[in-house]
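Examining the three-dimensional arrangement
Letter by letter, the chains look like this.
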Amino acid sequence: MIQASSPSFPPFTEEHELVRQSVKRFCLEEIAPFATEWENAGEYPRELFHKAAHLGLFGIRTDPKWGGAGMDWWASAAAYEALRFTDFPSINIGFMVQADLTVPLIDELGTDELRKEFLAPAVAGKRIAALAISEPGCGSDVAALRTTAREDGGDFVISGQKLWITNGVNADFLLLAVRTAEDRHHGISLLLFPTETKGFSVGKRLKKVGHVASDTAELFFDECRIPQRYLLGRRNRGFYYIMGHFQGERLATAMLVLSFMDRSMELAVQYGKERQAFGRRLIDNQVWRHRLAEHRASIEAARWLTYHAADLMNHHAKADREVSMAKLVTTELAQKVTYDCMQIHGGFGYTTEYPVSRIWRDMRLYTIGAGTSEIMKEKLAKQEGW
Amino acid sequence: MNIVVCVKQTPARDSLLRVDAAGKWVSEDDLNFEINEPDAYALESGLQLKEQHGGEVTVLCAGPARAAQTIREALAKGADRAIHIAADHLGALDPLGLAKLMAAALRDEKPDLVLTGLQSDDLGYGQTGVILAELLGLPHATIIMQVEVEGGTLQVKRELEDGWFQHVAMPLPALLTIQSGISKLRYATLMGIKRAKTKPVRTVSAAELGDAATPVLEVARVYAPPRGKRTQLFDGDARESAARLVEKLRFEARVL
């Protein structure tokens, strides 16, 4: 990793270094040796959530009152950087949903009663969470969502369908976006929805190009009744909560993708040093030296943009523009970097036995998930006033 | 039960080692450091004994400023406090000199048990713990695989050669040097890392601890073993060749 010109930025401390070391060891001992086995099985043990929770991965920035470590975004950055050693992005996305897509929203919007019931067990890994927003007819256009919650006595009664829900099969509860009024933007609310609720069912587990061991589900709600106290935040403010929360999700995505670019570069350089062709190492060929050097420079540029966005988020400053750019730049760059890192492996890279091919397949998701590249560009264009 | 665990910071095991310009040690530029592996198991044993019998675990570490990170890691894993003997050039000390500093740092402590790693991954003398026991006037046992405390007495399992073990009962207080790989090491949790900041670390300089004794050992030269292939072909039938191969692996390569 590049050395900072000023040692004050990024402000990684000894504490962050310990996070990095501990998370790396966890990945190397508990995950990486089994990655291929779990990938082939198409699933990983639920127990990993308990182990990751014990390490503290789900409450990095959460108040210690609810079991978190009460650290900052730099601790999250350190953890993401070390999580590349899983060699298994399927698990990283599962952890990310818990740590950065659901827990922070409950922490921010929940009452103490809801925090006790949902946040603390999620941080402790006892309850797996999923964020349920997308529907068959609503992806990027969140305001078009149609799953409805009508009031009935002291309850909400929910009907509808969700799609592309990561952790959806195994989730114990959902952070569920529903329509509570007609108005497109002012008619959406967020609910905490226990999946043992009557009328809830998981449809097929979706088959995907990558992240094959991560469960991605289609969810159905047939007159599901939950108490109104499970409303998260204010009624009909859900759209704005989601939009605000996307910043954290997108920053986390940029960090996850950066870490796997680093990992694929490490694998490529290692292979390039070991593999001999025409009497020399692959890495001795200028074509590879220059291509990897370009990637190294581009990754560092993307990293510093991401760090800048993290710095703004840490200071609770407006980071919309920077986070969108970081998400756009890292995920697009990852397509080129992982492609070339696979290419240097030749035929071996095309087999599923090498982690580099898994990373290449799995990184394809991220120009689509958490807001497509097209949406990121549109947001940026709007912010520029065009 | 008051337990002192002695830990050392050594270059990370995956480090690319280069001999320094003076040819007396490895260059520390670009090196990452970590807790000496056997010491990590000593710490784990200490933490487990504390969980079983109560008391506290104090970490004793001699090293330059960078050793603070290893101390923090030990505190993050659950040690209660630490003593840091701040010294830049410990490599110049031999085990006797280092043990004298450590004994002096423990002068006001009243440990029931002192644990060290069996040896360090860098210098590998395997002597520091044993000499420290002598200086503290404690009985000691080495290459420990298992530690139990029963009614104020230690029951330990020592590793001998060829798969043999020795079970020893010994009194407390005592010093044990712990073998690697005897248990699963815990992770420093993020909560633990956060808490470590608030735990006390007493820093003492080597000068405050008095004379470390003139070294009787000196590192004259450090060099990498020569690399090369020496292929040996065995003639004869398979059974005979296999027997010779095993003999060479056992007595020359010493990998069996």
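Treat the numbers as computed from the prediction; the structure is a model and nothing was measured. Residue positions are counted from 1 within each chain, in the order its sequence is given. The naming scheme follows written order: chains are lettered A onward, ligands numbered 1 onward. Whole-chain, interface and lining totals are the exception, using all residues; otherwise, since this is a predicted model, local features are given only for residues with pLDDT of at least 70 and side-chain atom pairs are given and counted only at 80 or more. As a convention, hydrogens and water are excluded, and side-chain values are obtained from all of the structure's heavy atoms.

**Points about the domain arrangement of chain A**
Residues and elements named next belong to chain A. The condition is simple: Each domain span listed reflects an automatic or database assignment of domains. The contact criterion used throughout is that any non-hydrogen atoms of two residues lie within 4.5 Å. By buried area we mean how much accessible surface two parts lose on assembly, using a 1.4 Å probe and totalling the loss over both. Each salt bridge in this description consists of a side-chain nitrogen of Lys or Arg and a carboxyl oxygen of Asp or Glu lying within 4 Å of one another. Throughout this description, a polar contact denotes any pair of N or O atoms lying within 3.5 Å of each other; where both atoms belong to protein, one of them has to be capable of donating a hydrogen while the other can accept it, and for residues adjacent in sequence the pair is counted only when both atoms sit in side chains. Segments assigned H or I by DSSP are reported as helices when at least four residues long, segments assigned E as strands when at least two residues long, and all are numbered from the N terminus.
Partitioning chain A into structural domains gives domain 1 (14-127), domain 2 (130-236) and domain 3 (239-383). If you average the C-alpha positions of domain 1 and of domain 3, the two centres end up 21 Å apart. Facing 25 residues of domain 1, the contacting portion of domain 3 comprises 27 residues. Approximately 2,400 Å² of surface area, both sides summed, lies buried where domain 1 meets domain 3, with 64% of it carried by carbon and sulfur atoms. In terms of surface lost to domain 3, no three residues of domain 1 exceed Trp73, Trp74 and Arg84, which account for 29% of the buried area on that side. Taken together, domain 1 and domain 3 are joined by 3 salt bridges. Arg361 is paired through a salt bridge with Glu39; the nearest N and O atoms lie 3.3 Å apart. At the boundary of domain 1 and domain 3, one finds 8 residue pairs in polar contact (both at pLDDT 80 or more). Contributions of two or more residues to the side of domain 1 that touches domain 3 are made by α2 (35-41), α4 (73-82) and α5 (89-109).

**Section: the nonpolar core**
Stated precisely, the cut-off is as follows: For this analysis, a nonpolar core means a set of buried residues of the types Ala, Val, Leu, Ile, Met, Phe, Trp, Tyr and Cys, connected via side-chain atoms within 4.5 Å. The buried label applies to any residue whose accessible area, calculated with a 1.4 Å probe on protein chains only, is under 20% of its type's maximum; exposed applies above 50%, and partly exposed to all values in between.
Ranked by internal contacts, the top residues of the largest apolar core, which has 160 residues, are Leu57, Phe95, Ile158 and Leu174 of chain A together with Leu176 of chain B. The biggest single contributor to this core is helix α7 (residues 238-274) of chain A, with 16 residues. Counting 24 residues, the second largest nonpolar core, distinct from the first, contains Val4, Ile85, Val114 and Leu138 of chain B.

**Observations concerning the environment of Arg186 of chain B**
Here Arg186 of chain B is to be found in the loop between β10 (174-178) and α5 (190-196). Remark: the alpha-carbon pair of Arg186 of chain B and Tyr41 of chain B, spanning 145 residues in sequence, is separated by 9.7 Å. Apart from residues no more than four positions distant in its own chain, Arg186 of chain B is found in contact with Arg25 of chain A together with Glu44, Leu47, Gln48, Glu51 and Lys77 of chain B. Here the side chain of Arg186 of chain B touches Glu44 of chain B through a polar contact of 3.0 Å, side chain to side chain.

**Thoughts on the packing of α7 of chain A against helix α8 (residues 286-314) of chain A**
Residue and element names in this part refer to chain A. Which entries qualify depends on this criterion: The convention used is that axes are lines fitted to C-alpha atoms, helices contributing only their stretch in contact, and that angles between N-to-C directions extend from 0 to 180 degrees. Working rule for angles: under 35 degrees goes down as roughly parallel, over 145 as roughly antiparallel, 65 to 115 as roughly perpendicular, anything else as oblique. Here a crossing is called left-handed whenever its near helix is offset anticlockwise from the far helix by less than a right angle, and right-handed whenever the offset is clockwise. Ten residues, namely Ala, Val, Leu, Ile, Met, Phe, Trp, Tyr, Cys and Pro, are considered nonpolar, four, namely Asp, Glu, Lys and Arg, are considered charged, and the remaining ones, Gly among them, are considered polar.
One way to put it is that α7 packs onto α8 with a least axis distance of 10 Å and a crossing angle of 155°. One element, α7, and the other, α8, form an angle in the roughly antiparallel class. Where α7 crosses over α8, the handedness of that crossing is left-handed. On α8, the residues that touch Gln247, Gly248, Leu251, Ala254, Met255, Leu258, Met261, Asp262, Met265, Ala268 and Val269 of α7 are Leu292, His295, Arg296, Ile299, Ala302, Arg303, Thr306, Ala309, Ala310 and Met313. Of the residues assigned to the contact of α7 with α8, the class counts are 14 nonpolar, 4 polar and 3 charged.

**Some details on the pattern of salt bridges**
All told, the structure shown has 49 salt bridges over all chains when counted by the stated rule. Two residues, Arg25 of chain A and Glu29 of chain A, come together in a salt bridge whose shortest N-O distance is 3.0 Å. Taken as a pair, Arg25 of chain A and Glu29 of chain A lie in helix α1 (residues 14-31) at a separation of 4 residues, close to a single helical turn. You can call Glu29 of chain A partly exposed: its relative accessible area is 35%. A salt bridge links Glu223 of chain A to Arg150 of chain A; the shortest N-O distance between them is 2.6 Å. Of this pair, Glu223 of chain A sits in strand β7 (residues 216-227) while Arg150 of chain A sits in strand β2 (residues 148-152), and the two are 73 residues apart along the sequence. Among the charged side chains, a network of salt bridges with common partners joins Arg25, Glu29, Glu30, Glu47 and Lys51 of chain A together with Lys184 of chain B.

**Focus: the packing of aromatic side chains**
To keep things clear, this is the line we draw: Working definition: rings of Phe, Tyr and Trp (its six-membered ring) pair if their centres are within 6.5 Å, and the pair is stacked with planes under 30 degrees apart, edge-to-face with planes over 60 apart, and tilted otherwise. A positively charged side chain is recorded as over a ring if its NZ (Lys) or CZ (Arg) lies within 6 Å of the ring centre. The angle to the ring normal must also be within 35 degrees.
Per the stated rule, a full pass over the model turns up 23 aromatic pairs over all chains. Joined through ring pairs, the aromatic side chains of Phe34, Trp38, Tyr44, Phe49, Phe58, Phe88 and Phe95 of chain A make up one cluster. Taking the ring centre of Phe12 of chain A as reference, the NZ or CZ of Arg20 of chain A above it sits at 4.4 Å. Stacked on the ring of Phe33 of chain B, the Lys or Arg Arg66 of chain B has its end atom at 3.7 Å from the ring centre.

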